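The residues making up each chain are set out below.
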Amino acid sequence: MADPGRWVVVGLDNGGTMNNATVLDCEGRFLVDRMAESPSYVREGPETAVEALARSLERVLELTGIPPALVRAVGLDTPGPVSADGVIALQGATNFGNPQWCGFDVRGALELRLGLPVLYNNDANAAALYAHHVHFGPAETARRSSVSAIVGTGLGGGVIEAGQVVRGAAGMAGELGHVWIPMDGLLGEGQPVPACNCGLAGDAESVASLTGIEKNLLPYWLTRFPDHDLARVTPAGKGAKLVRGYGEAGDPLAIAIFRQQAMALGRLFTIAANFTDPDVYFVGGGVVEAAPHFRDWFLAQVREHTLLREEQRRAASLALVPDLDMAGARGSAIAALAAARILDEP
Ligand SMILES: [Zn+2]
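Reading the values: the criteria
Residues numbered from 1 in each chain as written. Predicted model: local features only at pLDDT ≥ 70, side-chain atom pairs only at ≥ 80, totals over all residues. Heavy atoms only, no water. Helix = DSSP H or I, 4+ residues; strand = E, 2+ residues; numbered from the N terminus. Rg over C-alpha atoms; globule rule 2.2 N^0.38 Å. Areas by Shrake-Rupley, 256 points an atom, 1.4 Å probe, with all protein chains shown as cover. Donors = N, O, S within 2.8 Å, 3.2 Å for Na, K, Ca; no water. Tetrahedral: all angles 85-135°; square planar, octahedral: opposite > 155°, others 65-115°. Buried < 20%, exposed > 50% of the residue type's maximum accessible area, 1.4 Å probe, protein only. Polar contact = N/O pair within 3.5 Å; in protein donor to acceptor, adjacent residues only side chain to side chain. Contact = heavy atoms within 4.5 Å. Pairing = 2+ DSSP bridges. Axes fitted to C-alpha atoms, helices over the stretch in contact; angles between N-to-C directions. Phe/Tyr/Trp six-rings, centres within 6.5 Å; stacked < 30°, edge-to-face > 60°. Parallel < 35°, antiparallel > 145°, perpendicular 65-115°, else oblique. Left-handed = near helix turned anticlockwise from the far one by under 90°. Nonpolar A, V, L, I, M, F, W, Y, C, P; charged D, E, K, R; others polar. Core = buried A, V, L, I, M, F, W, Y, C linked by side-chain atoms within 4.5 Å.

Our next topic: the overall build of the protein chain. Along its length, the protein chain carries 10 helices and 10 strands. Over its C-alpha atoms the protein chain spans a radius of gyration of 20 Å, differing by no more than 12% from the 20 Å that the globule rule assigns to 346 residues. Accessible area for the protein chain stands at about 15700 Å²; split by element, carbon and sulfur atoms hold 55% of it.

Attention now moves to the coordination of the zinc ion. Note on metal sites: the ideal angle is 109.5 degrees for four tetrahedral donors, and 90 or 180 degrees for six octahedral donors. For the zinc ion, the full set of protein donor atoms is His-178 (ND1), Cys-196 (SG), Cys-198 (SG) and Asp-203 (OD), at a range of 1.9 to 2.3 Å. Around the zinc ion sit four donor atoms, and with donor-metal-donor angles ranging over 105 to 114 degrees the site reads as tetrahedral.

This next bit is on the side chain of Ser-83. Within the secondary structure, Ser-83 is located in the loop between β4 (71–78) and α2 (106–114). Exposure remark for Ser-83: the relative accessible area of 19% places this residue in the buried category. A polar contact of 2.6 Å, which involves the side chain of Ser-83, links it to the side chain of Asp-85. Ignoring sequence-local partners within four residues, the contact set of Ser-83 consists of Tyr-120 and Ala-170.

Spatial ordering of the open sheet is given by β3-β2-β1-β4-β5, a layout of five strands whose pairing is mixed. Lying at the two open borders of the sheet, with one neighbouring strand each, are β3 (37–39) and β5 (118–122). Across the sheet, the mean angle from the axis of one strand to that of its neighbour is 25 degrees, orientation sign disregarded. Pairing analysis gives seven bridges linking strand β1 (residues 8–14) to strand β2 (residues 18–25), with the strands arranged antiparallel. Bridge pairing in β2 places Gly-11 opposite Thr-22. On top of the sheet, helix α1 (residues 46–64) reaches β1, β2, β3 and β4; it is set at about 45 degrees to β2, its chief contact. Packing against the sheet, helix α10 (residues 324–344) makes contact with β1, β2, β4 and β5, and its axis sits at approximately 140 degrees to β1.

Let us look at the packing of aromatic side chains. This structure, assessed with the given rule, holds nine aromatic pairs. For the ring pair Phe-30 and Tyr-130, a centre distance of 6.2 Å and an interplane angle of 80 degrees mean the geometry is edge-to-face. Placement of Phe-30 in the loop between β2 and β3 and of Tyr-130 in helix α3 (residues 123–140) is noted, with a sequence separation of 100 residues between them. Taken together, a centroid distance of 5.6 Å and an interplanar angle of 25 degrees make the contact between Phe-294 and Trp-297 stacked. Linking Phe-294 with Trp-297, this pair stays in helix α8 (residues 292–305), spanning three residues, or about one helical turn. With relative accessibility at 23%, the residue Trp-297 sits in the partly exposed group.

Relative to each other, helix α7 (residues 252–275) and α8 sit at 45 degrees, their axes nearing to 7 Å. Taken together, the axes of α7 and α8 are oblique relative to one another. Taken as a pair, α7 and α8 cross one another with a handedness that is right-handed. Between α7 and α8, the contacting residues are Ile-255, Phe-258, Arg-259, Gln-261, Ala-262, Met-263, Leu-265, Gly-266, Arg-267, Phe-269 and Thr-270 on the first element and Phe-294, Trp-297, Phe-298, Gln-301, Val-302 and His-305 on the second. Tallied by class, the residues present in the contact of α7 with α8 amount to 10 nonpolar, five polar and two charged.

This brings us to the nonpolar core. In this structure, Leu-265 and Val-283 are the most contacted members of the largest nonpolar core, which totals 47 residues. Those elements giving two or more residues to this core turn out to be β6 (146–151), β7 (155–161), α4 (204–207), α5 (210–224), α6 (236–248), α7, β9 (280–285) and α8. Here this core takes 14 residues from α7, the largest share from any one element. When sequence neighbours within four positions are dropped, the list of residues in contact with Val-283 reads Ala-149, Leu-265, Phe-269, Val-288, Phe-298, Leu-299, Val-302, Leu-318, Ala-319, Leu-320 and Val-321. Residues Val-23, Val-71, Val-82 and Ala-93 belong to the second largest nonpolar core, which totals 31 residues.

Bringing the pairing of β9 into the picture now. Of all the six residues making up β9, six are buried; the element is thus mostly covered by neighbouring parts of the structure. Every second residue of β9 is oriented toward a common face, with Val-280, Phe-282 and Gly-284 on one face and Tyr-281, Val-283 and Gly-285 on the other, all of them buried. Relative to β9, β6 is paired through six bridges, and the arrangement is parallel. Following the sheet pairing, Val-147 is matched in β9 by Tyr-281.

In terms of burial, β2 is largely enclosed, as seven of its eight residues are buried. Alignment of β2 against β3, held across three bridges, turns out to be antiparallel. By the bridge assignment, Met-18 is partnered in β3 with Pro-39.

Following this line, the structure appears as structure tokens:
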């Protein structure tokens, strides 16, 4: 019989091609300090993918030498849109193209497969929860609030209030990417209002995402810099991924693009300031891993465009989401630990 005082939770971060896993002990210490990845097989449908998640859990336990009997709960995150309790959206989701995924209860299926409680968050909320916990530490976490914007293929968001993820009635709170922001003074001369995959025009994701660069910002700025190297790169998606490297080298086209993205994030945070007035505004995504001089320039731009009142400026700060690749699995584990501690109470 395992020592009842020594138990762990596992965090599983489900991605389009890989799962990442981590282990957190009951004292809140991570037992894995790097990525622990295995294939996610999400394209093959739910049955194979749930099995892959179970395998990912087994592998991370093998890695840490923790017997399966010591696992109290599991945290799971996936890309959205997914309901607060882990049901994939009825209309499907980008990562879950196989029609069997529509309306599939991935949380419930994994719980059944593992015979353990499974706590669900979407990937941005899990990363936001991790950033919040790292920044404030165990003593302050529950007293603080934060807002996270994570720039990737899309723009992920998370709102943490008093240490808890704000989920909303349908699980769709914190979808900061789809908040409309003013385009006045952001767009260049003759630049069309960018459209987002969600159907809105001029929301935060339409500018501050890799998709936004590919579909909107790069095509426009190439009309301004027609002789730029990136004009000869096809397809456009490949060019979009190269923009950051040009930005680090101080290229004017790339700087123009990142200035627009920073302005979009600042305007988004200005809206957040009037909603939840958080202690910290977190920025995550590729820019976190960029060269320090470029990252600092980008953050300074975001700060400049985040319009806070004097009292708010004194109280709040802007920070980066740390360990971005591991943030999903780690945030999922933190959510599972909180739930397991409640179960543990006499
Ligand atoms: Zn949108």
